[in-house]
Amino acid sequence: MSPIAIASLATLAGLFTVLDARAGDQRRSLAGFRPAALLASRLTVVVLGALLATAASPVVTATVFDARQWGRYLAANVLIALTYGLIGDLLGPLFGRVGGVLVAFLVPFIDLGIEQRPILRPAPSGWAHALPGYGSTRVLIDAALTPTFDETGPLLIALAWLTGLTVAAAVLFRRTATTPR
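Residues numbered from 1 in each chain as written. Predicted model: local features only at pLDDT ≥ 70, side-chain atom pairs only at ≥ 80, totals over all residues. Heavy atoms only, no water.

1. Overview of the overall build of the chain
And then number 1: Of regular secondary structure, the chain possesses five helices and zero strands.
And then number 2: Relative to a compact globule of 181 residues, whose C-alpha radius of gyration would be 16 Å, the chain shows 17 Å and is just as compact.
And then number 3: Reported as C-alpha extents along the three principal axes, the dimensions of the chain are approximately 55 × 30 × 30 Å.
And then number 4: The 181 residues of the chain split such that 46% are buried.
And then number 5: In the structure as shown, the chain presents an accessible area of about 9100 Å², 71% of it carried by carbon and sulfur atoms. (Helix = DSSP H or I, 4+ residues; strand = E, 2+ residues; numbered from the N terminus. Rg over C-alpha atoms; globule rule 2.2 N^0.38 Å. Buried < 20%, exposed > 50% of the residue type's maximum accessible area, 1.4 Å probe, protein only. Areas by Shrake-Rupley, 256 points an atom, 1.4 Å probe, with all protein chains shown as cover.)

Below, the structure written as structure tokens:
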């Protein structure tokens, strides 16, 4: 349940970051701020929100579970949070506040809670490999249960998702920061 909570909170952080900062970004753009600096500050806020969403989970988890590789377990949780924080950044302009909040809880639950969940099936279904949580969840499970790292492929998939979402957020930001409402 920990990854679902982290993903949902990070998605909300990204969602409200983009919705609350849009008008300010447009004013700063008109005032002469460079788009790269505005994007960097926006992404920094999303990263901080994702890290904040991740902070409490390992503390609570440690009271009932002992991961085999705590460092990698924490890193996988952060990877989930960053991925879903960027997804929230993309959901905001598409769905608005109310619809975005509903989708912010629905997408992580379907991805991490149903399709990636090892309790429900021994391996994710074929189409679940294309979901954003696949790679980071495989890394998380590996770090939680095994003493060695065996999930290089899924880690690369997770990093590809992170890179693609960052590019998509940058493109969307470029459109919304330079275009007045």
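From this point, things continue past the structure.
2. Describing a nonpolar patch on the surface
And then number 1: A cluster of nonpolar side chains, Leu-106, Phe-109, Ile-110 and Trp-127, forms an exposed patch at the surface whose accessible area comes to about 410 Å².
And then number 2: Here Ile-110 shows up in helix α3 (residues 70–115). (Patch = residues over 30% accessible without salt bridge, like charges linked within 9 Å, V, L, I, M, F, W, Y side chains within 5 Å. Salt bridge = Lys/Arg side-chain N within 4 Å of Asp/Glu carboxyl O.)

3. Notes on the pattern of salt bridges
Pairing of side chains with opposite charge becomes possible as their charged atoms draw close.
And then number 1: Within the structure shown, the criterion is met by two salt bridges.
And then number 2: As a salt-bridge pair, Arg-97 and Asp-20 come within 2.6 Å of each other at their nearest N and O atoms. Linking Arg-97 in helix α3 with Asp-20 in helix α1 (residues 2–30), this pair joins segments that are 77 residues apart in sequence.
And then number 3: Among the residues examined, Asp-20 registers a relative accessible area of 53% and is labelled exposed.
And then number 4: A salt bridge links Asp-89 to Arg-42, with the shortest nitrogen-to-oxygen separation between them at 3.9 Å. Separated by 47 residues along the polypeptide, Asp-89 in helix α3 and Arg-42 in helix α2 (residues 35–62) bring together distant segments of the chain.
And then number 5: Given a relative accessible area of 4%, Arg-42 falls into the buried group.

4. A few points about the packing of aromatic side chains
And then number 1: In the structure shown here, the tally under the stated rule is two aromatic pairs.
And then number 2: Every member of this aromatic cluster is reached through a ring pair, and the members are Phe-65, Trp-70 and Tyr-73. (Phe/Tyr/Trp six-rings, centres within 6.5 Å; stacked < 30°, edge-to-face > 60°.)

5. With respect to α1
And then number 1: The end-to-end C-alpha distance of α1 is 42 Å, a good match for the 42 Å that 29 residues give at a rise of 1.5 Å each.
And then number 2: Positioned one or two residues after α1, Gly-32 has a phi angle of 110°, which is positive. (Expected span 1.5 Å × (residues − 1).)

6. Observations concerning the nonpolar core
And then number 1: Counting 31 residues, the largest nonpolar core has Ala-10, Ile-80, Tyr-84, Leu-86 and Leu-112 as its most contacted members.
And then number 2: Here the element with the most residues in this core is α3; it accounts for twelve residues. (Core = buried A, V, L, I, M, F, W, Y, C linked by side-chain atoms within 4.5 Å.)

7. Describing the packing of α1 against α2
And then number 1: The N-to-C vectors of α1 and α2 enclose an angle of 160°; their axes lie 9 Å apart at closest approach. Judged by the inter-axis angle, α1 sits roughly antiparallel to α2. For α1 against α2, the interelement crossing comes out right-handed. (Axes fitted to C-alpha atoms, helices over the stretch in contact; angles between N-to-C directions. Parallel < 35°, antiparallel > 145°, perpendicular 65-115°, else oblique. Left-handed = near helix turned anticlockwise from the far one by under 90°.)

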